[in-house]
Amino acid sequence: MLEKFMNMDRRIIFLLVALVVIIPTLIPVRLPITVSEPTQKLYDYIEQLPSGSNIMLAFDYGPSSLAEPEPMAKAVMQHCFSRGIKVIGMTLFPSTVTLADRLMKKIADENNAVYGQDYVFLGYRPGTLPVILGMGTNIANVFDKDYQDTPLSEIPMMADVKNYDQISLLLDLASSSTTEAWIIYANTKYDLQIAAGVTAVIIAQMYPYLQTGQLVGMMPGYLGAAEYEKLLNAPGDGTVGLNTASFAHLLIIILVILGNVAFFMQRRKEA
Amino acid sequence: MDVFGFLNDVLGFLIDVFGPWMDVFGLWVAAILTLCIYSFLYKDNPFYRFAEHLFVGISVGYGIVIAIHQGVIPLAWEPLVEAFDGLWIEITGDVTPESRQALWGLFRIIPIFIGLLFFARLSPTYTWLIRYPIAILIGFGAGVAIPNVLQANIFKQTQGTVAPFDKIDEIVDPTTLITVHTFDPSFLGTAGAVLMVIGVLCTISYFLFSVEQRESYKWFSIFGIGLGVIGLTLLFVDNIITDGLTLIEIVGFVLMFVGVLGGALCTVLYFLSSVEQRNTFNWLPIIGVGFFILFIIGFIGIYGNTIWSGTLTPWEVFSAVLIVVGVFCTLTYFFFSVEHSGAIRWTSKIGIAFLMIGFGAAFGNTVMGRLALMIHRVGFLINDWIGSIIALFG
């Protein structure tokens, strides 16, 4: 029995994982969510910004990792539009340009935001370092036109925005080390306030920056998106995703415990 | 008509005719490719390979097109064309402020030329030319990165590790509601702190084995330890004299003083002793731990009150101490200049535990991230794809 369990076909585990993901997707369950400090800090920071402030949203993730950052973007943009905060979108990833453009348009339409007045999407320029450093001096030097080829000088909301001095917060929606680049160059050199919405894979790397205040807040993966949606009282993709993930996590914890128990039992038997 | 123009027209025609169906077509393509990728979970198969190769090919192709449209054209091509237009106007004589401004674009020839040198790699004769753009990139990267990385990842992180201790004696004055420090250093205390820093620097210099060790070095370190002791004494005396302390706090300060002094002495003796001496005086680390316990008792005696009623919660104080212990033990694990035996071995073992907890957290988060991707895809298949089929026939 023990041997059979230890040599179990891994495809059975895949099947179990598939079931615990599919069933809660078909029959949605609402589990309680408590808001963690990093998400609360980000929400509070945006909440205290005066109407008319500008925040920059960096869509620094690829299509293969959009599951977590997209719900975060939706929640934060919804918050900004509801408070009259203007959103400047851009990306350091070439593969995200159309995704980010479409996402911003969709969320803006849902919130009756007007392009050029409430939000703008600058698009992509190659090179992480020159882009981050260049915008610190003059955004128009890096992005002379937006993604729709309109010169920045003709976009009403960009009239008073020259560089980071006019931007109250940069939120990096990241799936790799771009947040560190924003901290190292934009925060250290230009004192730009940085927040992060990161995929679960890189959460652990971000906590030291949170503790030192180099990040004003953080949304950790699906959890962060769900927490932000709770703060806005607007459950969305993050809440649905987190509820489904909770069942999968439970299954993995059970499998880890079973695997360890079986391992030690087998070792004792062999001894 | 060129080839691109023809293709553009064909695409335009297809979009006009099949426009309303393009979203549905895209949905089906995405769903079928998702299933192709997941088929690998059963076993490797041609459908998976097709989807994998398609993904890699499209990613690269799409990336190049975007890089050209969002990078090369607006940053290199357009300014250069405008600059040459401006130059032509300059020659023909109809100069305008705009045409003169556009002339600055000519300077872009320099970075464009340097960038093009990357293609020298393709020629065996001129391959050496690639060294220039690489050298410029590395020089620029290092020049920009070193000061900022030091500031963000070393100084700020070190500061962040000890920063909570600055708040450990902070309380909110009930009458003025202003946050104040219980123990404010006077001139005496500040002088003590400065002496301690000099002492620490002198002592550390003794362990700098990269330079030739001389007899004077030993005296230098003894001088450092002496300065450190004087500084520490001044610091504690300052607190005892100037802050009007209670008996418990005075006892706490004395215990902390003895603890720090004794602990430092044990550590220095341990480092200065040979392996044989360490085997003989193997009780030395135990005495060191005893002094450390004295220090902890003294610490609680002094800060016990503010830990419970200060601006930091007991949990925050515990976290601050834990971070310092974690950093110290983990760094000890990577300190290979001394043999990992005795106290060092145990300290580094605790460091390994901290590392394992860190790796465990990273691994757990990675699993969470991968599951998020699967949940997103399953949500797409069920809600969007199957949902659209049901809507079509329902």
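This write-up is about the structure you can find in this document. Here the structure is a predicted model, which means the values were calculated and not measured.

**Notes on the overall build of chain A**
Piece 1. When you go through chain A residue by residue, the secondary structure sums to 11 helices and 6 strands.
Piece 2. Along the longest, intermediate and shortest principal axes, the C-alpha atoms of chain A span 75 × 35 × 30 Å.
Piece 3. The 271 residues of chain A split such that 51% are buried.
Piece 4. Relative to all contacts within chain A whose residues are 6 or more apart in sequence, the contacts with residues 24 or more apart total 74%.
Piece 5. For chain A, the exposed surface amounts to about 11,800 Å²; the carbon and sulfur share of it is 56%.

**Side note on the sheet that holds strand β3 (residues 119-124) of chain A**
Residue and element names in this part refer to chain A.
Piece 1. Across the sheet, which stays open at both edges, the 6 strands sit in the order β3-β2-β1-β4-β5-β6 with parallel pairing between neighbours. Single-partner strands in this sheet number two, and they are β3 and β6 (218-220). When strand polarity is set aside, the average angle formed by the axes of neighbouring strands in this sheet is 15°.
Piece 2. By the bridge criterion, 6 bridges tie strand β1 (residues 54-60) to strand β4 (residues 169-174) in an arrangement that is parallel. Of the residues in β4, the one forming a bridge with alanine 58 is aspartate 172.
Piece 3. Across the sheet, helix α5 (residues 97-110) lies against β1, β2 (86-91) and β3, angled at about 175° from β3, the strand it touches most.
Piece 4. With respect to the sheet, helix α10 (residues 221-232) is in contact with β5 (194-198) and β6, its orientation differing from that of β6 by roughly 120°.

**Topic: the pattern of salt bridges**
All names here are of chain A.
Piece 1. This structure, assessed with the given rule, holds 9 salt bridges over all chains.
Piece 2. Of the charged contacts in the structure, one is a salt bridge between arginine 125 and aspartate 144, with a shortest N-O distance of 3.5 Å. Here aspartate 144 lies in the loop between α7 (139-142) and β4 and arginine 125 lies in the loop between β3 and α6 (128-137), a separation of 19 residues in the sequence.
Piece 3. Arginine 125 sits in the buried class, given a relative accessible area of 4%.

**Points about the interface of chain B and chain A**
Piece 1. Taken residue by residue, the interface counts 43 residues in chain B and 48 residues in chain A.
Piece 2. Of the roughly 3,800 Å² buried between chain B and chain A, counting both surfaces, carbon and sulfur atoms make up 69%.
Piece 3. Area buried by chain B at its contact with chain A is led by Gln70, Met368 and Ile375 of chain B, which between them contribute 16% of it.
Piece 4. Between the two partners, chain B and chain A, sit 1 salt bridge.
Piece 5. A salt bridge links glutamate 78 of chain B to lysine 145 of chain A; the shortest N-O distance between them is 3.4 Å.
Piece 6. Here chain B and chain A share 9 residue pairs in polar contact (both at pLDDT 80 or more) between them.
Piece 7. Among the elements of the structure, α2 (46-92), α5 (131-166) and α12 (343-393) of chain B are those that each provide at least two residues to the side of chain B that touches chain A.
Piece 8. Counting residues per element, the side of chain B that touches chain A draws most heavily on α12 of chain B, which supplies 17 residues.
Piece 9. Of the residues assigned to the side of chain B that touches chain A, the class counts are 24 nonpolar, 16 polar and 3 charged.

**Re α6 of chain A**
Piece 1. With 7 of 10 residues buried, α6 of chain A is to be regarded as a mostly interior element.
Piece 2. Contacts made by the buried residues of α6 of chain A are with β1, β2, α7 and α8 (178-190) of chain A together with α5 of chain B.

Rules of the game
- Residues numbered from 1 in each chain as written.
- Chains lettered and ligands numbered in written order.
- Predicted model: local features only at pLDDT ≥ 70, side-chain atom pairs only at ≥ 80, totals over all residues.
- Heavy atoms only, no water.
- Helix = DSSP H or I, 4+ residues; strand = E, 2+ residues; numbered from the N terminus.
- Buried < 20%, exposed > 50% of the residue type's maximum accessible area, 1.4 Å probe, protein only.
- Contact = heavy atoms within 4.5 Å.
- Areas by Shrake-Rupley, 256 points an atom, 1.4 Å probe, with all protein chains shown as cover.
- Pairing = 2+ DSSP bridges.
- Axes fitted to C-alpha atoms, helices over the stretch in contact; angles between N-to-C directions.
- Salt bridge = Lys/Arg side-chain N within 4 Å of Asp/Glu carboxyl O.
- Buried area = accessible area lost by both parts, 1.4 Å probe.
- Polar contact = N/O pair within 3.5 Å; in protein donor to acceptor, adjacent residues only side chain to side chain.
- Nonpolar A, V, L, I, M, F, W, Y, C, P; charged D, E, K, R; others polar.

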